[in-house]
Amino acid sequence: MNSLANNYIEIMDTTLRDGEQTSGISFSENEKLTISKLLINELSVDRIEIASARVSIGEFHSVKKICDWAKEEGHPKKIEVLTFLDNGLSLEWINKAGCKVQNLLTKGSLNHLKNQLGQKPQEHFQKIQKVLDKADKSKILTNVYLEDWSNGMKNSKEYVFSLLDFLSKTTVKRVMLPDTLGILTPKKTGNFINEITSKYPKIHFDFHGHNDYDLGVSNTLEAVRNGIKGIHLTVNGMGERAGNVALESAVAAINDFIPNIKLNIKENSLYKVSQLVSTFTGYRISPNKPIVGSNVFTQTAGIHADGDNKKNLYYNDLIPERFGRKRSYALGKMSGKANVVKNLEELGVTLNEEDLKKVTKRVIELGDKKQKITRSDLPYIISDVLDSEDKKNNIKIHSYVLTHSKGLRPSTTISIDFYGEIIEENATGDGQFDAFYNALKKIFKTKKMNLPELVDYFVHIPPGSSSDAFCETIITWKNTSFEFTTRGFDSDQTVSAIKATEKMLNSIDTSK
């Protein structure tokens, strides 16, 4: 294994070039400029690869806009563009755009050289030298990609070394080693990189991984351990097929597992940049994606929340604050008191032990109906539980059927337990709740009793909730001489109104 004496690793982000090869993704000029600024100024990425030469007129304008900005900021050499062996046409293209660094694509395996280009090694080397000469005259720095290098090392190692022998005598600044088809394992990566960096210690080598076997981060770690000086990454692991190595995961892993390596990345900006790139692209981040997924700092099981209260028993080195995030505790059927307490602390609410047990029980019951309960739901759950606990419960809504069909009036059949007597009735109405209340009126009419008049009906969804949110229904009733309100809480709007009505029935005096 190579020594890590030179322990600074360059990060080259290729989200805007290789990441844009994600199926269905295309950045606009302004999006590319905005992301470039974030990567360099916010994240402190060392270099960014922003485009492929000669793709389109729109790509030219994007490159020019970014290069103009980089020149004004004083770091034009941080901007790189992929170029090709096309008799200098790519070089002319980037020169007009104002780019100062080309990443020249060459063949890193004999298989690609023979079957794609139909060339012999010496012929290929001569073409490379011609482009290098033109680049030197234009004062453009050249990095060289060895496309399909990993297969080259497996199947045509003699060719790879002959290419490196040639490149070692040129003005090439960096030689970039892609696992183009994502075929490497960590062991092979370490062995190949060690063999090359030992043989050519004066060359700056970059490793460019792909994630076809989900080994991209592991392979990158082994490349770093074996003398690589630069690594290529993309935000959110964007890229062709299974994607490239994810910037956020690789940075966190290197920082935690190879402590003598230095990176320039600002970890606390990783999540912010990840979210912005996701918004621009519509490329959704899996909830369980390390570092940036929505669930990765969420404890669900009550035992884990309890453990966090007892010397952080379920913490690891991936502290969410490192990445500008916060730990959260899910509420649902797996919640324990500790989960509820953690969320109440965030709201600044405290409950006594008895009330806490009641609220926890209600959270678990609701979790069986709705997979996700938010912290914003908690005040409504507390209100519902504590509002119900002291009420007498002589009248119960035993069961009901709510029907709403196109072209027909909504109808309801209900069964209520009225002081131990089961009574059924049905009615129609202008809506499902109206039909329910009309059926209820019929029952009370048979008992020669009047129900309060409904004077206000308000439905509220906790802030930040979505289409599957809980509903709190607040109904204001008018009895003979006064008004009063009752609340109902449920994942279904009509059911929450029925619960508010049941509370009303047990608030009025029906014993006469």
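Everything below is about the structure printed above this text.
All figures in this text were calculated on a predicted structure; none of them were measured in a lab.

1. Quick look at the side chain of Ser 90
Link 1 in the chain: Along the chain, Ser 90 turns up in helix H3 (residues 89-97).
Link 2 in the chain: Accessibility expressed as a relative area gives 0% for Ser 90, which makes it buried.
Link 3 in the chain: One polar contact links the side chain of Ser 90 to the main-chain amide nitrogen of Phe 84, over a distance of 3.3 Å.
Link 4 in the chain: Engagement of the side chain of Ser 90 in a polar contact is seen with the side chain of Asp 86, the distance being 2.4 Å.
Link 5 in the chain: When neighbours within four sequence positions are excluded, Ser 90 is seen to be in contact with Ala 53, Arg 54, Thr 83 and Phe 84.

2. Concerning the sheet that holds strand E13 (residues 421-428)
Link 1 in the chain: The strand order across the open sheet built from three strands is E11-E12-E13, with neighbouring strands paired in antiparallel fashion. Edge positions in the open sheet fall to strand E11 (395-403) and E13, since each of these has one partner strand only. Averaged over all pairs of adjacent strands, the angle between their axes in this sheet comes to 15°, without regard to strand direction.

3. Digging into the pattern of salt bridges
Link 1 in the chain: Summed over all chains, the structure comprises 23 salt bridges.
Link 2 in the chain: As a salt-bridge pair, Lys 157 and Glu 195 come within 3.0 Å of each other at their nearest N and O atoms. One end of the pair, Lys 157, is in helix H7 (residues 157-167); the other, Glu 195, is in helix H8 (residues 186-199), with 38 residues separating them in the sequence.
Link 3 in the chain: Judged by its relative accessible area of 29%, Lys 157 is partly exposed.
Link 4 in the chain: Here Glu 195 falls in the partly exposed class, since its relative accessible area comes to 31%.
Link 5 in the chain: Members of the salt-bridge network, linked through shared partners, are Glu 10, Arg 47, Glu 80, Arg 174 and Asp 206.

4. Brief notes about the nonpolar core
Link 1 in the chain: Core analysis: the biggest nonpolar cluster contains 85 residues, and Trp 149 and Ile 196 have the highest contact counts within it.
Link 2 in the chain: With seven residues, the top contributor of residues to this core is H7.
Link 3 in the chain: The contact partners of Ile 196, leaving out residues within four places of it in the chain, are Trp 149, Met 153, Val 160, Phe 161, Leu 164, Leu 177 and Phe 205.

5. Some details on the packing of helix H1 (residues 29-42) against helix H11 (residues 270-281)
Link 1 in the chain: For the pair H1 and H11, the least separation of the axes is 11 Å and the interaxial angle reads 170°. The pairing of H1 with H11 is recorded here as roughly antiparallel in orientation. Across the interface between the two elements, Glu 31, Thr 34, Ile 35, Leu 38, Leu 39 and Glu 42 from H1 touch Lys 272, Val 273, Leu 276, Val 277 and Phe 280 from H11.

6. Some details on the environment of Val 245
Link 1 in the chain: The residue Val 245 is located in the loop between strand E8 (230-233) and helix H10 (247-257) in this model.
Link 2 in the chain: Considered as a pair, Val 245 and Val 217 are 28 residues apart in the sequence and their alpha carbons are 5.9 Å apart.
Link 3 in the chain: Ignoring sequence-local partners within four residues, the contact set of Val 245 consists of Gly 209, His 210, Gly 216, Val 217, Thr 220, His 232, Leu 233, Thr 234, Gly 237 and Ala 250.

7. Section: H11
Link 1 in the chain: If you check H11, its first and last C-alpha atoms are 17 Å apart, about what 12 residues at 1.5 Å a residue would give, namely 16 Å.
Link 2 in the chain: In this fold, the buried residues of H11 make contact with H1 and H10.
Link 3 in the chain: Directly after H11, the chain includes Gly 282, whose backbone phi takes a positive value near 75°.

8. Description of a positive patch on the surface
Link 1 in the chain: A cluster of basic residues, Lys 127, Lys 130, Lys 134 and Lys 137, forms a positive patch on the protein surface.
Link 2 in the chain: With respect to the helices, strands and loops of the structure, Lys 134 is situated in helix H5 (residues 121-137).
Link 3 in the chain: We classify Lys 134 as partly exposed; its relative accessible area is 40%.

9. Re the packing of aromatic side chains
Any two aromatic rings considered together are summarised by their centre-to-centre distance and by the angle between their planes.
Link 1 in the chain: With the rule as written, the count across this model stands at 11 aromatic pairs.
Link 2 in the chain: Seen from their ring centres, Phe 60 and Trp 93 are 5.6 Å apart, and the 75° between their planes marks the pair as edge-to-face. With Phe 60 in helix H2 (residues 57-73) and Trp 93 in helix H3, this residue pair connects regions lying 33 residues apart in the sequence.
Link 3 in the chain: Classification of Trp 93 as buried rests on a relative accessible area of 13%.
Link 4 in the chain: Connected via pairs of aromatic rings, a cluster forms that spans Phe 433, Phe 436, Tyr 437, Tyr 457 and Trp 477.
Link 5 in the chain: Seen from the ring of Phe 161, Lys 199 lies directly overhead, with NZ or CZ sitting 5.5 Å from the centre.

10. Here we look at the pairing of strand E5 (residues 141-147)
Link 1 in the chain: Of all seven residues making up E5, six are buried, and the element is well covered by its neighbours.
Link 2 in the chain: Pairing geometry for strand E4 (residues 101-107) and E5, over seven bridges, is parallel. Across the sheet, Gln 102 pairs through a bridge with Thr 142, a residue of E5.
Link 3 in the chain: Note: E5 against strand E6 (residues 174-178), three bridges, orientation parallel.

Definitions and limits used
- Residues numbered from 1 in each chain as written.
- Predicted model: local features only at pLDDT ≥ 70, side-chain atom pairs only at ≥ 80, totals over all residues.
- Heavy atoms only, no water.
- Helix = DSSP H or I, 4+ residues; strand = E, 2+ residues; numbered from the N terminus.
- Buried < 20%, exposed > 50% of the residue type's maximum accessible area, 1.4 Å probe, protein only.
- Polar contact = N/O pair within 3.5 Å; in protein donor to acceptor, adjacent residues only side chain to side chain.
- Contact = heavy atoms within 4.5 Å.
- Pairing = 2+ DSSP bridges.
- Axes fitted to C-alpha atoms, helices over the stretch in contact; angles between N-to-C directions.
- Salt bridge = Lys/Arg side-chain N within 4 Å of Asp/Glu carboxyl O.
- Core = buried A, V, L, I, M, F, W, Y, C linked by side-chain atoms within 4.5 Å.
- Parallel < 35°, antiparallel > 145°, perpendicular 65-115°, else oblique.
- Expected span 1.5 Å × (residues − 1).
- Patch = residues over 30% accessible without salt bridge, like charges linked within 9 Å, V, L, I, M, F, W, Y side chains within 5 Å.
- Areas by Shrake-Rupley, 256 points an atom, 1.4 Å probe, with all protein chains shown as cover.
- Lys, Arg positive; Asp, Glu negative; His and termini not counted.
- Charge placed at Lys NZ, Arg CZ, Asp CG, Glu CD.
- Phe/Tyr/Trp six-rings, centres within 6.5 Å; stacked < 30°, edge-to-face > 60°.
- Lys NZ or Arg CZ within 6 Å of the ring centre and 35° of its normal.

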